[in-house]
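The residues making up each chain are set out below.
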Amino acid sequence: MANLLRSKLSNVATSVSNKSQAKVSGMFARMGFQAATDEEAVGFAHCDDLDFEHRQGLQMDILKSEGEPCGDEGAEPPVEGDIHYQRGGGAPLPPSGSKDQALGAGGEFGGHDKPKITAWEAGWNVTNAIQGMFVLGLPYAILHGGYLGLFLIIFAAVVCCYTGKILIACLYEENEDGEVVRVRDSYVAIANACCAPRFPTLGGRVVNVAQIIELVMTCILYVVVSGNLMYNSFPGLPVSQKSWSIIATAVLLPCAFLKNLKAVSKFSLLCTLAHFVINILVIAYCLSRARDWAWEKVKFYIDVKKFPISIGIIVFSYTSQIFLPSLEGNMQQPSEFHCMMNWTHIAACVLKGLFALVAYLTWADETKEVITDNLPGSIRAVVNIFLVAKALLSYPLPFFAAVEVLEKSLFQEGSRAFFPACYGGDGRLKSWGLTLRCALVVFTLLMAIYVPHFALLMGLTGSLTGAGLCFLLPSLFHLRLLWRKLLWHQVFFDVAIFVIGGICSVSGFVHSLEGLIEAYRTNAED
């Protein structure tokens, strides 16, 4: 009797122990640590499969109700709440309809129906960005930097090429199968990913502000250079540089009515070819005076106050990072992106270095902010007129981009918009939206009138936004997103670029600002 009672109590205790152990083990299995028995593991896996199928069923019902295709190729990304439940789909995708997704051109999240471009076409776009008319200020940088300025042209090319590559690397992550997939589609998406989860939109706002500043300052520089070139081309006319800037702005006022850039894009190739012809003419004239080159004027010491301005000028001439994610997403073979960046920046480095050195050797200490102002009167008028035409035709591109960023950041319809939409239900631009565009054109004019200094404005912009977008942010994002996968030399390069870029940015901004204040005081006294 005692043995029978002892046996029953032992069985009850064993049963209770097994149930408790099963519950505890099941809880840990849910948390992903381990399962107590095979039966429990199978049970929880089955529950997970049911949960996954249930969620997939709900998602399919939503897609069917909206009339969307249900196949793998036409399937939309999951709803925002189900992002973390995807299996075999790689890293999380952004929610459907997000701003960054809409901005991506040809990325992973949209734009599949758009035609892709070759590596040569992508290289042509990069070349247009880094070989623009702002190279006309590089000889002025050699004036204050000497051989160190030439070294800086080479160094900036190497660094900007490297930061462009690591910026694109931040678009990709490894999925559960170890495959590298594109999970972001823009500079803004990278910035937001770095600030998530505490501040998921802070990084994007910082990038948008920097982008708007750079685009608006580019518009101002076009107005400044137009007024400067026309004034120096026709010095005998009773028209001041400010008056020429006003005339140029009057020509640019129709930009406020732009809805797209189809009409403007037709002239882009012609403008670029004309610019190359102008560069060749300037170099040809300089070579004709090779016997008089002042090699002794190129020195190793620098002007401490003005050389930081030269740094901003050189950095600004290489800025292209802001559109590289979209460009890479539109390439037929994204694997050719690195090769494309190499040869475009090597070509830019060689051409910029030769142009700056040859022009400075020709005019030495008389080198002006815009090098074409040093040409003889007969040649200068023809060359400057072509440059003014190029500047006026180039103005709509950064202007339209700035307007687009402002509208999507502040005036886009939705709960997060700060102001009402600029467009009505029929797609027409509202009157107050047109007024804001006109105000932006007038603002660029006022800045060009009150600060008519091409080199100083270029140095200020390069130090403020150029260094940030090309040096600081890409290296910081690379460290933040890919820290665990970076080798020691990659970490060293990123930290070194961030430190050097920060020092150059602060010093260039301070000295450019001091130069502008001094120039403003001089103009006020005159």
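Residues numbered from 1 in each chain as written. Predicted model: local features only at pLDDT ≥ 70, side-chain atom pairs only at ≥ 80, totals over all residues. Heavy atoms only, no water.

Named according to an unreviewed UniProt entry, the protein chain is Vesicular inhibitory amino acid transporter originating from Muntiacus reevesi. Under Sequence similarities (unreviewed entry), UniProt gives the following word-for-word description of the protein chain: "Belongs to the amino acid/polyamine transporter 2 family." (UniProt positions renumbered as here; feature names shortened; annotations may be inferred.)

(A) Expanded view of the overall build of the protein chain. The helix and strand tally for the protein chain stands at 19 helices and two strands. Split into buried and exposed, the 526 residues of the protein chain put 45% on the buried side. Taking as baseline every contact in the protein chain between residues at least 6 positions apart, the subset at least 24 positions apart corresponds to 75%. Per element, the accessible surface of the protein chain, about 27700 Å² overall, is 64% carbon and sulfur. (Helix = DSSP H or I, 4+ residues; strand = E, 2+ residues; numbered from the N terminus. Buried < 20%, exposed > 50% of the residue type's maximum accessible area, 1.4 Å probe, protein only. Contact = heavy atoms within 4.5 Å. Areas by Shrake-Rupley, 256 points an atom, 1.4 Å probe, with all protein chains shown as cover.)

(B) Broad picture of the pattern of salt bridges. Inspection of every chain in the model, using the stated rule, returns three salt bridges. With a shortest N-O distance of 3.0 Å, Arg-182 and Glu-328 are connected by a salt bridge. One end of the pair, Arg-182, is in strand 2 (residues 180-182); the other, Glu-328, is in helix 13 (residues 324-329), and 146 residues separate them in sequence. In this structure Arg-182 comes out as buried when scored by relative accessible area, which is 5%. What makes Glu-328 buried here is its relative accessible area of 2%. (Salt bridge = Lys/Arg side-chain N within 4 Å of Asp/Glu carboxyl O.)

(C) Fine view of the side chain of His-478. Within the fold, His-478 resides in helix 18 (residues 454-482). Reaching out from His-478, the side chain makes a polar contact with the side chain of Asp-494 at a distance of 2.7 Å. Not counting the four nearest positions on each side in its chain, His-478 is found in contact with Tyr-162, Ile-166, Ala-169, Cys-170, Trp-483, Leu-486 and Asp-494. (Polar contact = N/O pair within 3.5 Å; in protein donor to acceptor, adjacent residues only side chain to side chain.)

(D) Structural view of the packing of aromatic side chains. In total, this model carries nine aromatic pairs according to the counting rule given. Judged by centre distance (6.1 Å) and plane angle (20°), the ring pair of Phe-151 and Phe-155 falls under stacked. Within this pair, Phe-151 and its partner Phe-155 are both found in helix 6 (residues 147-169), separated by four residues, close to a single helical turn. On the numbers, 6.0 Å between centres and 15° between planes, the contact of Tyr-285 with Trp-363 is stacked. Placement of the pair is Tyr-285 in helix 11 (residues 268-288) and Trp-363 in helix 14 (residues 337-363), with a sequence separation of 78 residues. Like Tyr-285, the residue Trp-363 is buried in the burial classification. (Phe/Tyr/Trp six-rings, centres within 6.5 Å; stacked < 30°, edge-to-face > 60°.)

(E) Broad picture of a nonpolar patch on the surface. A surface patch of nonpolar side chains, amounting to about 420 Å² of accessible area, comprises Leu-476, Val-495, Phe-498, Val-499 and Ile-503. Counting residues per element, the nonpolar patch draws most heavily on helix 19 (residues 488-525), at four residues. (Patch = residues over 30% accessible without salt bridge, like charges linked within 9 Å, V, L, I, M, F, W, Y side chains within 5 Å.)

(F) The arrangement of unusual backbone geometry in detail. The amide bond that connects Ala-196 to the next residue, Pro-197, takes the cis arrangement and shows omega of 0°. The residue Pro-197 is located in the loop between helix 7 (187-195) and helix 8 (202-233) in this model. With phi around 50°, Ala-364 is a residue other than glycine that occupies positive phi space. Assignment of secondary structure puts Ala-364 in the loop between helix 14 and helix 15 (377-394).

(G) Focus on the side chain of Asn-232. Residue position: Asn-232 is located in helix 8. Here Asn-228 takes part through its backbone oxygen, which lies 2.7 Å from a polar atom of the side chain of Asn-232. With sequence-adjacent residues up to four places away left out, Asn-232 is seen in contact with Asp-373 and Arg-380.

(H) Examining the packing of helix 8 against helix 9 (residues 241-252) more closely. The N-to-C vectors of helix 8 and helix 9 enclose an angle of 125°; their axes lie 8 Å apart at closest approach. By the angle class used here, helix 8 and helix 9 are oblique. Judged by the sense of rotation from one axis to the other, the crossing of helix 8 with helix 9 is right-handed. Residues Val-223, Val-224, Ser-226, Gly-227, Asn-228, Met-230 and Tyr-231 of helix 8 pack against Gln-241, Trp-244, Ser-245, Ala-248, Thr-249 and Leu-252 of helix 9. (Axes fitted to C-alpha atoms, helices over the stretch in contact; angles between N-to-C directions. Parallel < 35°, antiparallel > 145°, perpendicular 65-115°, else oblique. Left-handed = near helix turned anticlockwise from the far one by under 90°.)

(I) Layout of helix 14. Across its 27 residues, helix 14 extends 39 Å between first and last C-alpha, which sits within 8% of the 39 Å expected from 1.5 Å per residue. Positive backbone phi, approximately 50°, marks Ala-364, located one or two places after helix 14. (Expected span 1.5 Å × (residues − 1).)

(J) Region of the structure containing the confidence of the model for the protein chain. Looking at the protein chain, pLDDT values average 76 and 71% of them are 70 or higher. When mean pLDDT is compared element by element in the protein chain, helix 6 scores highest at 93, while helix 3 (residues 99-103) scores lowest at 35. Segment residues 23-112: pLDDT under 50, and 83 contacts once partners within four positions in sequence are set aside and those in other chains are kept. (pLDDT = per-residue confidence, 0-100.)

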